[in-house]
Amino acid sequence: MSEKAIFAGGCFWCTEAVFQRIKGVISVRSGFSGGTIKNPAYKEVITERTGHAESVEVIFDSSVISYQNLLEVFFATHDPTTLNRQGADKGTHYRSAIFYTSEEQKESANNFIAVLTEQKVFESPVVTEINKFENFYPAEDYHNNYFNLNGEQAFCQAVINPKVTKLNTYFKEFLK
């Protein structure tokens with residue numbers, strides 16, 4: 001059965017590259033969620049006036065990969081403790097957020113964060129927002145499949161490749 005998950009983990013190129021490699025993931029699109037205007041362009045989102053976060057829409061087969069497994073990957077491949085920031089990328093559009101599409105996703109996300117907090121997995125508190133999914137607006141075409149098409153670029157090598165390497169190291173059982 002196919003389901004939809006929306007994750008914002010900083011730069012959508014990074015988050016997209018990670019989820020594209022997971023078995024059971026049918027498709028991943030880069031885009032924007034959580035803002036106040038319809039159909040924003042990237043140049044508008046980066047002004048921080050639209051309220052959107054760079055996000056990915058993940059369509060997955062829940063009979064192959066669970067939402068819980070996707071949460072594990074999400075929290076392991078970005079820093080959920082930095083407010084409005086991932087590495088050198090700063091701004092509200094780089095915030096960590098989950099846009100749940102069902103009450104079950106909301107409960108799973110809240111429970112997962114509670115476990116991370118209880119087990120003190122991170123030195124700082126998790127600041128990931130959990131918001132009801134309202135809309136997902138696809139980014140311009142050149143943002144999609146970015147790492148796969150531009151993997152040799154310096155940004156891809158310095159920022160995205162370490163996340164993919166971490167995925168390959170710690171989540172072998174989830175890989176395509």
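Basis of the calculations
- Residues numbered from 1 in each chain as written.
- Predicted model: local features only at pLDDT ≥ 70, side-chain atom pairs only at ≥ 80, totals over all residues.
- Heavy atoms only, no water.
- Helix = DSSP H or I, 4+ residues; strand = E, 2+ residues; numbered from the N terminus.
- Buried < 20%, exposed > 50% of the residue type's maximum accessible area, 1.4 Å probe, protein only.
- Expected span 1.5 Å × (residues − 1).
- Arc of directions from axis to C-beta.
- Axes fitted to C-alpha atoms, helices over the stretch in contact; angles between N-to-C directions.
- Left-handed = near helix turned anticlockwise from the far one by under 90°.
- Contact = heavy atoms within 4.5 Å.
- Nonpolar A, V, L, I, M, F, W, Y, C, P; charged D, E, K, R; others polar.

A.B. asks: It is not clear to me how the side chain of Glu57 should be interpreted in this structure. Could you clarify?
C.D. replies: Relative to the elements of secondary structure, Glu57 occurs in strand 3 (residues 53-61). Its relative accessible area of 9% is what places Glu57 among the buried residues.

A.B. asks: What exactly am I supposed to notice about helix 4 (residues 103-118) here?
C.D. replies: Residues spaced three or four apart along an α-helix face the same direction, because each turn holds 3.6 residues. Taking 1.5 Å as the rise per residue, helix 4 with 16 residues should run 22 Å; its terminal C-alpha atoms sit 22 Å apart, in good agreement. For helix 4, the set of buried residues is Gln105, Ala109, Phe112, Ile113 and Leu116. For helix 4, the arc enclosing every buried residue in end-on projection is 95°, short of the 170-degree limit, so these residues lie on one face. Across helix 4 from its buried face, at more than 90 degrees, point the exposed residues Glu103, Glu104, Glu107 and Glu118. One or two positions beyond helix 4, positive phi appears at Lys120, with a value near 50°.

A.B. asks: Could you clarify how one ought to interpret the packing of helix 1 (residues 12-19) against helix 6 (residues 154-170) in this entry?
C.D. replies: Helix-helix packing is characterised by the crossing angle of the two axes and by the distance between the axes. Where helix 1 contacts helix 6, the two axes come as close as 9 Å, and the packing angle between them is 35°. Of the two possible hands of crossing, helix 1 and helix 6 adopt the one that is right-handed. Two secondary-structure elements touch here, helix 1 through Trp13, Cys14, Ala17 and Val18 and helix 6 through Phe155, Val159, Ile160, Lys163, Val164 and Leu167. For the contact of helix 1 with helix 6, the per-class residue count stands at 9 nonpolar, no polar and 1 charged.

Shape is all these values report; function is a separate question.
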